[in-house]
Amino acid sequence: QVQLVESGGGLVQAGGSLRLSCAASGRSFSLYDMGWYRQAPGKEREFVARISRSGGSTYYADSVEGRFTISRDNAKNTVYLQMNSLKPEDTATYYCNSPGASRWGQGTQVTVSS
């Protein structure tokens, strides 16, 4: 029901940083937990990070913990993913969504060169 648009991806060198944004056009954004997911070519979509409705609880995949930070601003209907110390294996299309949702948007491409 809610429309989500990811942005902020790009091409960066290993060790660099990017900040992804996910803007929701719906009117009930604050009612849902939100997560970031990623999918590299030939691989399954995988969980990256999740944040609770109020932003009070977060958790991360082991592969990104300590490097990535998820946050949200419910007043702006936006969830963010700050990515630091990027590695080539972080290269993927990144998606935001509520956990358990079955439909996915276009995502935003992150490419990390070595």
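Figured I'd write up the structure that's included with this text. (Residues numbered from 1 in each chain as written. Predicted model: local features only at pLDDT ≥ 70, side-chain atom pairs only at ≥ 80, totals over all residues. Heavy atoms only, no water.)

## Some points on the state of the cysteines
Then, number 1: Per the stated rule, a full pass over the model turns up one disulfide.
Then, number 2: Residue pairing for C22: its cysteine sulfur links by disulfide to C96, the two sulfurs lying 1.8 Å apart. On the sign convention where negative is left-handed, the bridge of C22 and C96, at about 55° about the S-S bond, is right-handed. Here C22 is found in strand β3 (residues 18-24), whereas its partner C96 is found in strand β9 (residues 92-97), with 74 residues between them in sequence. In terms of burial, C22 and C96 fall into one category: buried. (Disulfide = S-S within 2.5 Å. Helix = DSSP H or I, 4+ residues; strand = E, 2+ residues; numbered from the N terminus. Buried < 20%, exposed > 50% of the residue type's maximum accessible area, 1.4 Å probe, protein only.)

## Details of the side chain of R38
Then, number 1: Examined against the element boundaries, R38 turns out to sit in strand β4 (residues 34-39).
Then, number 2: Here R38 falls in the buried class, since its relative accessible area comes to 5%.
Then, number 3: At 3.5 Å, the side chain of R38 and the side chain of S63 are in polar contact.
Then, number 4: The residues touching R38, leaving out its near neighbours within four places in the chain, are E44, R45, E46, V48, S63, V64, F68, E89, D90, A92, T93 and Y94. (Polar contact = N/O pair within 3.5 Å; in protein donor to acceptor, adjacent residues only side chain to side chain. Contact = heavy atoms within 4.5 Å.)

## Notes on the sheet that holds strand β8 (residues 78-83)
Then, number 1: Within the open sheet, the four strands sit side by side as β1-β3-β8-β7. Their pairing is antiparallel. Edge positions in the sheet fall to β1 (4-7) and β7 (68-73), since each has one partner strand and no second. The mean angle between the axes of side-by-side strands here comes to 15°, regardless of whether they run parallel or antiparallel.
Then, number 2: Of the strand pairs in this sheet, β7 and β8 are connected by six bridges, and their pairing is antiparallel. Looking across to β8, one finds that D73 is bridged to T78. (Pairing = 2+ DSSP bridges. Axes fitted to C-alpha atoms, helices over the stretch in contact; angles between N-to-C directions.)

## So, empty space enclosed by the protein
Then, number 1: For the coordinates displayed, the defined rule picks out one cavity of 30 Å³ or more.
Then, number 2: In this structure, the largest cavity spans a volume of roughly 30 Å³.
Then, number 3: Considering the residues around the largest cavity, the lining is formed by V2, L4, F29, Y32, M34 and S98. (1 Å grid on protein atoms, 1.4 Å probe; cavity = no way out; pocket = protein on both sides within 12 Å on 5 of 7 lines; lining within 4 Å. Points joined across faces, edges and corners; volume = space filled by probe spheres on them.)

## A short note on the packing of aromatic side chains
Then, number 1: A complete count under the given rule lists four aromatic pairs for this structure.
Then, number 2: A ring pair is formed by Y37 and W104, whose centres lie 5.2 Å apart and whose planes are at 85°; its orientation type is edge-to-face. Highlighted residues: Y37 in strand β4 and W104 in the loop between β9 and β10 (108-113), separated in sequence by 67 residues.
Then, number 3: With relative accessibility at 12%, the residue Y37 sits in the buried group.
Then, number 4: Relative to W104, the ring of Y95 has its centre 5.9 Å away and its plane inclined at 75°; by these criteria the two rings are edge-to-face.
Then, number 5: Given a relative accessible area of 11%, Y95 falls into the buried group.
Then, number 6: Counting every residue linked through ring pairs, the aromatic cluster contains Y37, F47, Y59, Y95 and W104.
Then, number 7: The side chain of R45 reaches across the aromatic face of W104, ending 4.0 Å from its centre.
Then, number 8: Above the face of the F29 ring, R72 is positioned so that its terminal group lies 4.4 Å from the ring centre. (Phe/Tyr/Trp six-rings, centres within 6.5 Å; stacked < 30°, edge-to-face > 60°. Lys NZ or Arg CZ within 6 Å of the ring centre and 35° of its normal.)

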